[in-house]
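Examination of the molecular architecture
Single-letter residue listing:
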Amino acid sequence: MSDQASGAVRGFCQRLLALTRKETRQLLRDRSNLAIGLALPALLILLFGYGISLDVNHVSIAVVIEDASPGARDTIAGLRLSRYFTQQDVYSMRAAETLMEAHAVQAVLRVPGDFSGSLASGQGRLQLIVNGSDATTARIIEGYVQSALARGSGPINKPTLRAATSTALPSGTVRLEERLWFNEANTSTWYLVPGLIVLIMTLVGTFLTSMVVAREWERGTLEALFVTPVRPTEILLAKTIPYFVVGMIGFAMTIAAARLLFHVPMLGSAALLLFASVLYLLASLGMGLWISALTKNQFIASQTALLTSFMPALMLSGFLFDLNNVPVVVRFIGELLPATHFLELIKTLMLAGTIKSIVLTDCAILIGYAVLFIGLARLATRKRLA
Amino acid sequence: MSSPAPAVLRCERVRRTFWLAEARHRVIALVDINLQIARGSLTALVGPDGAGKTTLLRLAAGLLQPDAGSIEVLGIDVVREPQSVQDRISYMPQRFGLYEDLSVQENLDLYADLHGIAREVRVPRYARLLEMTDLNKFTTRLAGQLSGGMKQKLGLACTLVRSPELLLLDEPTVGVDPLSRRELWQIIAQLVEEEHLSVIVSTAYLDEAERCAEVVLLRAGRILANGPPVSLRAQAAGRCYRVTPPPGVPARQLQTRLLDAHDLVLDAVPQSGEVWFMTRAEGAVAAAESGREHGRSKEADESNAASGAGAANAAGGTSNRLPLGGLTVHERAPRLEDAFMLLIDRDEGVSQASHLPALSRDRGNPPQAAALRGSREPHSHELSHGPSGDLNTARADPMNARSEEAPVIEVHDLVRRFGDFVAVANTTFSVRRGEVFGLLGPNGAGKTTTFRMLCGLLPATSGSLRVAGVDLRHARAEARARIGYVAQKFALYGNLSVRENLRFFAGAYGLSGEQSRERIDTVVEQFGLAAVVSGPSGLLAGGYRQRLAMAAALLHEPQILFLDEPTSGADPLARREFWRRITALAQAGTTVVITTHFMEEAEYCDRILIQDAGEVLALGTPQEVRSLGGQGDMDGAFIHIVEQARGGRAA
Amino acid sequence: MNPREFPLPDEPRGRSSALIDHLEGARLFFVRLAALIRKEALAILADRSSRTILFLPVLMQSLLFGYAATYDLSHVPYAVMDQSHSALSVRLLAHLDGTGFFRRVTDVEAESDIAPVIDSQRALMVITVPRRFEQGLAAGESVPLQVILDARNSTTASTALAHLAAVVGDFNQELARSQGARQPALSLETRAWFNPNRETRWNFMPALIASLSMLQTLLLTALSVAREREQGTFDQLLVTPLSPVQIMLGKSLPPVMIGLIQSTLVFLITVYWFQIPFAGTLPVLYAGLTAFVLAGVGIGLVVSALAATMQQAMLYTFVLLMPMMLLSGLSTPISSMPEILQTATLINPLRYGIDVARRVYLEGAGFGDIAGDLLPLLVIALLTLPMAAWLFRHRLA
């Protein structure tokens with residue numbers, strides 16, 4: 001009996017090895033696979049790390065000075081000191097508006113003709129026009145202008161200015177003392193880069209694998225394969241292994257880049273991070289293979305994979321947009337995604353540390369998804385033609 | 001296990017239907033199949049397209065489940081335990097899905113590993129398989145870069161990496177050249193003999209079925225006949241004759257004439273310069289004369305043809321006589337193919353009434369030659385002339401007159417290289433107007449490459465070629481309107497309906513409005529597509545697909561028609577229908593260039609060219625080529641010529 | 001019109017017959033082109049699953065993303081450790097709750113409880129009001145209000161902080177007025193053009209009009225030739241009298257139509273569902289979108305002509321698509337990118353497509369305003385489309 005059992009195990013291993021070798025060769029021979037599996041992650045790392053940023057760094061601003069008094073000039077001196085602004089002086093509102101319309105400047109600061117007079121009476125008003133079509137940038141620019149004005153007016157005529165955050169006046173004021181936990185520099189890189197791990201694993205796990213079974217159906221390679229001693233589980237495993245390795249390489253690349261290039265901290269347990277990533281990758285692979293086995297058509301499979309995994313991971317997981325701000329229904333859909341939980345977990349592990357309540361829930365959810373999708377993929381992989 | 005009988009396959013009341021979602025109806029693939037196939041034998045499944053051969057094999061392999069009935073393979077209920085059956089059998093599907101991005105060796109290794117074959121067994125096995133399939137030189141080449149026939153051979157090699165208890169082969173030799181076909185069958189025969197392998201093979205080649213111990217003839221999901229070839233052949237006894245056409249007259253012309261005598265002649269094919277035919281009535285010719293000795297020639301001239309007709313009258317009930325114009329008729333031994341044609345024809349009469357779903361129904365159309373005749377002028381008179389005398393004179397006109405004209409296709413020193421691989425080497429030939437020109441050669445000989453160059457799909461490395469006066473690769477688009485092209489693979493839009501496909505090609509050739517509608521209606525009628533015209537073309541059975549491809553290529557009435565292996569995998573019926581059309585087209589002045597692996601089809605051609613390894617080995621009329629080969633039939637001649645050339649090259 | 005019906009069969013061949021030849025040539029051109037376009041459209045739309053996948057996801061995505069894509073705060077959960085328990089602290093917190101951006105989820109009693117609340121993400125920020133809050137203010141001191149923010153999402157953190165700062169600023173002014181201080185004050189009055197409430201959605205939805213259609217039209221065209229190559233029908237197409245230009249046109253027009261229909265769907269949702277006012281005119285918008293879709297289709301066709309298999313076509317398209325999306329200004333401003341990447345965006349059609357959509361939709365731009373976007377799009381289309389046509393016949397085997 002044990003002979004038979006060991007024979008079965010040997011057969012299993014031998015077939016699995018053969019199939020895995022085959023899948024690996026196919027994976028390596030088609031450069032487009034490697035382009036998605038390795039080149040695209042590298043590109044994304046560079047783009048997200050260095051290129052894409054939600055932080056506004058250069059603002060070109062037109063300043064319309066209708067009041068030529070030294071007081072007015074002093075008031076706006078801070079703009080020149082700020083590293084954010086490229087200032088362009090114009091002498092009429094009309095000229096400024098033309099610049100705005102041509103998108104040559106992003107904001108216009110107007111110093112009205114009666115500025116000095118009204119400032120003396122305690123009612124100094126400056127006008128700021130921003131292009132609201134980019135709402136976030138508009139808000140950030142407003143903040144920059146405010147703090148630049150506050151700083152600029154500092155040493156010269158301290159008592160004249162009263163901006164939002166810091167002034168010292170005889171009457172009592174509330175002073176904000178902020179402390180940003182988990183991301184002291186408050187750079188978007190710190191949270192975009194961990195999010196990248198999610199994107200890359202979704203790409204490799206779901207998008208790439210969504211085509212592997214469908215391709216075999218389309219090319220008719222399965223019929224002969226089915227009538228061999230091969231078991232459905234072996235077919236499935238063999239398809240999982242190479243893509244799992246590619247996914248983990250993507251993971252390693254991103255983590256290395258995060259730590260070495262972007263100095264994202266690693267406050268939690270690295271082992272847990274690895275464990276969670278394995279879980280998420282398995283869930284993604286399971287989903288990709290399931291889609292692939294169900295659709296049996298490469299175009300439909302890849303579109304389905306994109307629309308159900310990658311796009312939601314980008315838009316609904318909290319990667320770009322905070323789920324706190326969205327309507328309940330959308331948030332609920334977001335919470336249904338494995339990507340949302342994986343993202344929360346990675347960000348917590350890297351930026352906040354091993355916080356038990358989050359780690360336990362999210363890991364449990366990821367285990368659930370991994371089991372579910374792999375189970376579904378296994379059910380959908382049957383050695384039947386119709 | 002209810003019965004310990006030594007059957008490898010036992011079907012009881014097996015029924016299987018398919019729901020076609022796109023066409024919204026159910027088609028019957030198999031009805032009440034009862035079958036028992038003995039262990040250790042070689043069994044052939046034959047039958048026209050849509051007969052259910054593939055479905056039966058897939059059911060046996062556990063890839064499909066029957067709607068009703070039970071199937072036991074090797075004594076195991078395959079419905080309940082497909083895996084234990086799959087562990088013990090080997091199966092080669094019709095379209096063997098090779099991994100095209102793996103090399104030949106890697107494909108073989110994969111299947112050897114999956115079947116758990118020990119290393120020491122592999123070495124001699126591989127050697128033998130590679131030898132047999134002639135793939136020795138290509139072990140490192142990617143499967144995707146092999147020619148169509150070579151892929152087929154590799155598929156078979158992958159299936160044969162081990163000796164299973166039961167081997168299922170679904171049309172293993174489609175697109176395989178006669179040389180390799182002979183080798184493949186030697187291997188199979190050897191396996192049966194040495195290893196007592198049980199083999200079930202479906203095939204469109206009846207000469208292959210002839211080698212089997214048992215033949216199962218299926219049609220429209222039912223078994224028509226089942227037994228050893230001898231007993232099947234016996235059914236056609238007394239109806240088979242051969243006749244030699246007068247000198248200078250191509251056999252296909254006499255054949256057409258015989259086939260047109262539909263009430264008397266059931267079948268006729270050109271064979272080794274003769275025409276082999278079968279009469280509807282038993283002894284129709286012999287009854288005319290007293291003697292029945294073999295080989296004794298009989299004058300079937302006016303007088304005794306009339307008495308022959310008398311016999312036919314007695315049997316068939318319709319008037320007429322064999323249109324043989326005083327030629328000598330010999331009786332010949334029936335072949336399996338004759339039995340096949342006879343049994344199908346008999347069933348035709350029975351099933352005409354019971355209607356079959358459109359997509360799987362195949363034929364039952366009267367010959368289309370008449371419809372084709374309408375399209376262009378001359379030959380219709382020729383055929384409708386009286387039965388005698390004119391055969392000898394009619395011949396003179398079309399070809400001879402045309403031979404004076406400039407050739408329609410001129411190829412001079414054509415060379416095509418891929419890297420340092422020479423696919424076509426210094427090929428020179430020309431084709432006259434109205435000629436049927438056959439391009440023959442083993443797999444990978446360069447036929448398809450030559451074809452693609454002629455059609456302007458591939459640039460030539462050097463040499464010159466002119467088709468209808470221009471090089472299509474550089475010619476203006478309008479020049480391409482003069483040719484029609486039917487590719488090797490079914491190359492029409494599968495998710496469009498038949499009519500939509502035709503409308504597209506009509507438009508692509510510049511036909512519009514009334515003109516387009518007219519042409520579409522004409523070809524739909526000509527090719528008997530009316531029943532399927534609004535169904536999706538992707539679901540058509542093989543025979544219909546081929547007809548649709550032809551119809552699309554002929555919409556614009558091209559001067560030249562290129563056909564790349566149009567009859568691969570087609571059953572004898574479909575092939576006959578096809579060749580009747582080609583013959584009629586050629587008579588009407590269309591030039592036809594065709595590649596084929598059926599050597600008997602070379603007999604239909606005016607001239608043939610045999611190519612191997614890119615070189616021209618022989619060029620001439622079938623008669624000339626046959627005599628060059630020194631042996632009786634075209635198959636033998638072909639093998640002889642190719643082997644001699646290869647021997648020469650090796651030395 | 002059927003040429004055979006021309007009543008001129010017997011006239012000597014001269015200028016009029018040359019004209020007829022020309023007319024006939026033109027007629028043939030359109031007959032062939034129409035046949036191909038019809039076939040392409042049928043091939044895309046005949047199949048129910050591909051019809052579904054072309055139109056349903058666009059609808060769902062534009063709705064979902066319209067709601068999801070927002071940097072505007074709402075209901076930011078926060079916690080308070082109020083050590084002063086004074087009337088003033090209550091007033092400040094009431095201000096905070098009154099903005100609608102913040103939602104108080106819990107009160108914290110001790111310093112040690114702050115970390116768990118933030119760690120577990122129950123609250124995004126914790127505000128600590130010091131014990132001497134009221135007294136300090138009364139004494140004219142500057143009293144610190146400590147805020148701890150979870151900056152795992154840096155954008156949310158910055159925005160929340162900015163809102164908080166604004167609330168505190170208002171509170172200070174009110175305080176000063178109530179204390180009768182008459183100091184010179186400077187106030188900044190901000191007006192946002194084109195989007196007075198500065199909602200992210202106003203910025204995002206017009207961008208989706210361009211970008212959602214890009215995703216699928218690109219894939220669709222990329223697959224069109226590759227699929228025919230894989231199925232062997234492309235050879236059949238090449239032996240017909242269709243010229244490469246006709247094939248190129250026939251293969252690009254149906255995807256262009258589909259792209260425009262998809263854009264129209266998103267446009268309608270933006271106008272009627274999200275009720276974002278459309279400031280531009282339809283001709284300008286559609287001119288811009290057509291140029292944009294043409295450029296996308298051109299790129300898709302080049303990929304398709306180069307790819308050997310459908311899989312390659314699909315994956316290479318995706319490799320192109322990702323950077324195109326990221327460097328388009330869709331979710332992050334182009335002006336914040338490093339110089340070199342800003343330069344790279346100049347060859348990205350999506351950049352121009354989104355710019356056109358936003359400018360026309362929100363700013364009411366006219367043809368003159370979007371010329372700077374139209375021109376590069378047309379250049380891309382004019383480079384890629386002929387290149388694809390050339391590649392049909394000349395791709396290395």
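Computed from a prediction, not measured in an experiment: that's the story for all the values here. (Residues numbered from 1 in each chain as written. Chains lettered and ligands numbered in written order. Predicted model: local features only at pLDDT ≥ 70, side-chain atom pairs only at ≥ 80, totals over all residues. Heavy atoms only, no water.)

This paragraph deals with the overall build of chain A. Helices and strands together make up the secondary structure of chain A, namely 16 helices and five strands. Looking at chain A as a whole, 62% of its 386 residues qualify as buried. (Helix = DSSP H or I, 4+ residues; strand = E, 2+ residues; numbered from the N terminus. Buried < 20%, exposed > 50% of the residue type's maximum accessible area, 1.4 Å probe, protein only.)

We now examine the pairing of strand β4 (residues 124–131) of chain A. The side chains of a regular strand alternate between the sheet's two faces. All names here are of chain A. By the criterion of burial, β4 is predominantly enclosed, with seven of the eight residues buried. Where strand β3 (residues 107–111) lies against β4, four bridges are found, and the strand directions are antiparallel. Bridge assignment links A107 to a residue of β4, and that residue is V130. (Pairing = 2+ DSSP bridges.)

What follows covers the packing of helix α12 (residues 270–295) of chain A against helix α16 (residues 356–380) of chain A. All names here are of chain A. Here α12 crosses α16 at 30°, and the two axes come no closer than 8 Å. Regarding the angle of α12 to α16, the classification is roughly parallel. In terms of crossing hand, the pair formed by α12 and α16 is left-handed. For the contact of α12 with α16, the residue count by class is 23 nonpolar, one polar and no charged. (Axes fitted to C-alpha atoms, helices over the stretch in contact; angles between N-to-C directions. Parallel < 35°, antiparallel > 145°, perpendicular 65-115°, else oblique. Left-handed = near helix turned anticlockwise from the far one by under 90°. Nonpolar A, V, L, I, M, F, W, Y, C, P; charged D, E, K, R; others polar.)

Residues and elements named next belong to chain B. Mapped onto the elements of the fold, T595 is located in strand β22 (residues 591–595). Side-chain polar atoms of T595 contact the side chain of D564, separated by 2.7 Å. Side-chain polar atoms of T595 contact the backbone nitrogen of E565, separated by 2.7 Å. Not counting residues up to four positions away in its chain, the partners in contact with T595 are L439, K447, F451, L563, D564, E565 and P566. (Polar contact = N/O pair within 3.5 Å; in protein donor to acceptor, adjacent residues only side chain to side chain. Contact = heavy atoms within 4.5 Å.)

Residue-level contacts link 27 residues of chain A with 32 residues of chain B. Summing the contributions of chain A and of chain B, the shared interface buries around 2,800 Å²; its carbon and sulfur component is 55%. By the criterion of area lost to chain B, the three top residues of chain A are E223(A), V227(A) and R384(A), representing 23% of everything that side buries. Scanning the region where chain A abuts chain B turns up five salt bridges. Here R231(A) makes a salt bridge to D87(B), at a shortest N to O gap of 3.1 Å. Applying the counting rule to chain A against chain B returns 15 residue pairs in polar contact (both at pLDDT 80 or more). Grouping the amino acids of the side of chain A that touches chain B by side-chain chemistry returns ten nonpolar, five polar and twelve charged. (Buried area = accessible area lost by both parts, 1.4 Å probe. Salt bridge = Lys/Arg side-chain N within 4 Å of Asp/Glu carboxyl O.)

Taken together, the contacts link 110 residues of chain C with 114 residues of chain A. The contact between chain C and chain A buries some 10,200 Å² in all, and 62% of this surface belongs to carbon and sulfur atoms. Inspection of the chain C/chain A interface yields zero salt bridges. Between the two partners, chain C and chain A, sit five residue pairs in polar contact (both at pLDDT 80 or more). Ranked by residue count, the leading element in the side of chain C that touches chain A is helix α6 (residues 154–178) of chain C, at 17 residues. Looking at the side of chain C that touches chain A residue by residue, the class counts come to 59 nonpolar, 37 polar and 14 charged.

Looking now at the sheet that holds β22(B). Residue and element names in this part refer to chain B. Read from one edge to the other, the open sheet built from six strands follows the order β20-β21-β22-β18-β23-β24, with strand pairing classed as mixed. Of all strands in the sheet, those bounded by a partner on one side alone are β20 (483–486) and β24 (615–620). On average, adjacent strands in this sheet sit at an angle of 15° to one another, irrespective of strand direction. As judged from the five bridges shared by strand β23 (residues 607–612) and β24, these two strands associate in the antiparallel manner. Bridging across to β24, L609 finds its partner in L619. Against the sheet, helix α22 (residues 622–629) touches β23 and β24, its axis set at about 120° to β24. In the packing of helix α23 (residues 634–650) onto the sheet, the strands contacted are β18 (436–440), β23 and β24, and the crossing angle to β23 comes to about 35°.

In this section: the packing of aromatic side chains. Under the defined criterion, the tally for this structure stands at 22 aromatic pairs over all chains. Taking the centre distance of 4.9 Å and the plane angle of 85° together, the rings of F267(C) and F278(C) count as edge-to-face. Of the two residues, F267(C) sits in helix α9 (residues 244–273) while F278(C) sits in the loop between α9 and α10 (282–306), which places them eleven residues apart along the sequence. Judged by relative accessible area, F267(C) falls into the buried class, the value being 9%. For F278(C), a relative accessible area of 25% puts it in the partly exposed group. Aromatic ring contacts, followed pair by pair, group F207(A), F310(A) and F318(C) into a single cluster. (Phe/Tyr/Trp six-rings, centres within 6.5 Å; stacked < 30°, edge-to-face > 60°.)

Residues and elements named next belong to chain B. Per the stated rule, a full pass over the model turns up 51 salt bridges over all chains. Where D338 meets R332, a salt bridge forms, and the shortest distance between an N and an O atom there is 3.0 Å. For E337, the salt bridge identified is with R576, shortest N-O distance 2.6 Å. Linking E337 in helix α11 (residues 336–351) with R576 in helix α20 (residues 572–587), this pair joins segments that are 239 residues apart in sequence. As far as burial versus exposure is concerned, E337 and R576 are alike and both buried.

No statement about biological role is implied by the geometric values presented.
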